[in-house]
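Structural characterization, general
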Amino acid sequence: MKLFEKIYDKTMEWSKHRLAAFWLSLVSFIEAIFFPIPPDVMLIPMSMAKPKNAFKYAFYTTVASVLGGIIGYFIGLYATDWVQGVIASWGMQANFDRAKAWFETWGVAVVFLAGFSPIPFKVFTVCAGVLQMAFFPFVITAAISRFARFILVAKLSAWSGKKYEVRIRHSIELIGWGTIVLAVAAYLLYKLLN
């Protein structure tokens, strides 16, 4: 079943569209608030398709992500009870408590790690608001870490772009299904240990 190959081909097609930068920015913005798919899914093929625009794409992604993060922060700040109700109803209270402990221990460094890593950024933007983290350090740290991540992703994609595009497409089914197997295994291990 060639599921991921079709998705890859469609994504590469969209990455060359004249409105691709707009859609990249939109995905980056909403991902920082609630959307489950990271902007890297668009940033990588766009940077591969147009390597000269990689820096520009990383910049757009960063600005949109930080603006979305600000919205997430204010949702957490002004809708704390609602956010905590959602967390409880989704059975994620333990995860929220862990994030809260990280914020209390490491403060703004947690935002840096969340912005640079594949950890869902939205969790930390909303949590920063709920915990009333200082706003300007939050924004500055989010901007630095998100830009560091996105410029790294964009430049590596641009650099490897045309050379590896065929190899990636050839291996995309193995990569896609392998990722799903690893995610399921990690989830099961997490449930087993907790």
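Residues numbered from 1 in each chain as written. Predicted model: local features only at pLDDT ≥ 70, side-chain atom pairs only at ≥ 80, totals over all residues. Heavy atoms only, no water.

Scanning the protein chain from terminus to terminus reveals nine helices and zero strands. Counting helices and strands in the order they occur from the N terminus, the protein chain gives α-α-α-α-α-α-α-α-α. For 194 residues, the compact-globule estimate of 2.2 N^0.38 gives 16 Å, and the C-alpha radius of gyration of the protein chain, at 18 Å, lies within 12% of that figure. Over its C-alpha atoms, taken along the principal directions, the protein chain stretches across nearly 45 × 40 × 25 Å. Taken across its 194 residues, the protein chain has 40% of its residues classed as buried. Pairs at least 24 residues apart make up 79% of the contacts formed inside the protein chain by residues separated by at least 6 positions. (Helix = DSSP H or I, 4+ residues; strand = E, 2+ residues; numbered from the N terminus. Rg over C-alpha atoms; globule rule 2.2 N^0.38 Å. Buried < 20%, exposed > 50% of the residue type's maximum accessible area, 1.4 Å probe, protein only. Contact = heavy atoms within 4.5 Å.)

Further remarks concern the UniProt feature "transmembrane region" (unreviewed entry) in the protein chain. Per the UniProt record, the feature "transmembrane region" (unreviewed entry) sits at residues 20-37, 57-80, 101-121, 133-153 and 174-193. Between the end C-alpha atoms of residues 20-37 the distance is 16 Å, and the span holds 67% helix and 0% strand. Secondary structure across residues 133-153 comprises 90% helix and 0% strand; the distance between its end C-alpha atoms is 28 Å. (UniProt positions renumbered as here; feature names shortened; annotations may be inferred.)

Take helix H2 (residues 20-31) next. The periodicity of an α-helix, 3.6 residues per turn, causes residues three or four positions apart to be oriented the same way. Here H2 contains twelve residues, and its C-alpha end-to-end distance of 16 Å stays within 8% of the 16 Å for a straight helix at 1.5 Å per residue. Residues of H2 that are buried include every one of Ala20, Leu24, Val27, Ser28, Ile30 and Glu31, and no others. (Expected span 1.5 Å × (residues − 1).)

Next up on the list: the pattern of salt bridges. Considering all chains together, one arrives at three salt bridges under this definition. The closest approach of N and O atoms between Lys122 and Glu31, which form a salt bridge, is 3.3 Å. Here Lys122 is found in helix H8 (residues 121-130), whereas its partner Glu31 is found in helix H2, with 91 residues between them in sequence. Residues Lys122 and Glu31 agree in their burial class; the two are buried. Salt-bridge contacts for Arg146 lead to Glu31; the nearest nitrogen and oxygen are separated by 3.1 Å. (Salt bridge = Lys/Arg side-chain N within 4 Å of Asp/Glu carboxyl O.)

Further remarks concern the packing of aromatic side chains. What the rule picks out here adds up to ten aromatic pairs. When the ring of Trp102 is compared with that of Phe124, the centres are 6.4 Å apart and the planes differ by 5 degrees; the resulting orientation is stacked. Taken together, the positions of Trp102 in helix H6 (residues 93-106) and Phe124 in helix H8 put the pair 22 residues apart, joining distant regions of the chain. One aromatic cluster in this structure is built from Tyr73, Phe74, Tyr78, Phe135, Phe136 and Phe138. The side chain of Arg146 reaches across the aromatic face of Phe121, ending 4.1 Å from its centre. (Phe/Tyr/Trp six-rings, centres within 6.5 Å; stacked < 30°, edge-to-face > 60°. Lys NZ or Arg CZ within 6 Å of the ring centre and 35° of its normal.)

This next bit is on unusual backbone geometry. Residue Gln132 is not a glycine yet carries a positive backbone phi of 55 degrees. Here Gln132 is to be found in the loop between H8 and helix H9 (135-193).

So, on to the packing of helix H1 (residues 3-15) against helix H3 (residues 40-49). Contact geometry of H1 with H3 gives a least axis separation of 8 Å together with a crossing angle of 65 degrees. The two elements H1 and H3 cross, and the hand of that crossing is right-handed. Residues Tyr8, Thr11, Met12 and Ser15 of H1 form the contact with H3, whose participating residues are Val41, Pro45, Met46, Met48 and Ala49. Of the residues belonging to the contact of H1 with H3, the class tally is seven nonpolar, two polar and no charged. (Axes fitted to C-alpha atoms, helices over the stretch in contact; angles between N-to-C directions. Left-handed = near helix turned anticlockwise from the far one by under 90°. Nonpolar A, V, L, I, M, F, W, Y, C, P; charged D, E, K, R; others polar.)

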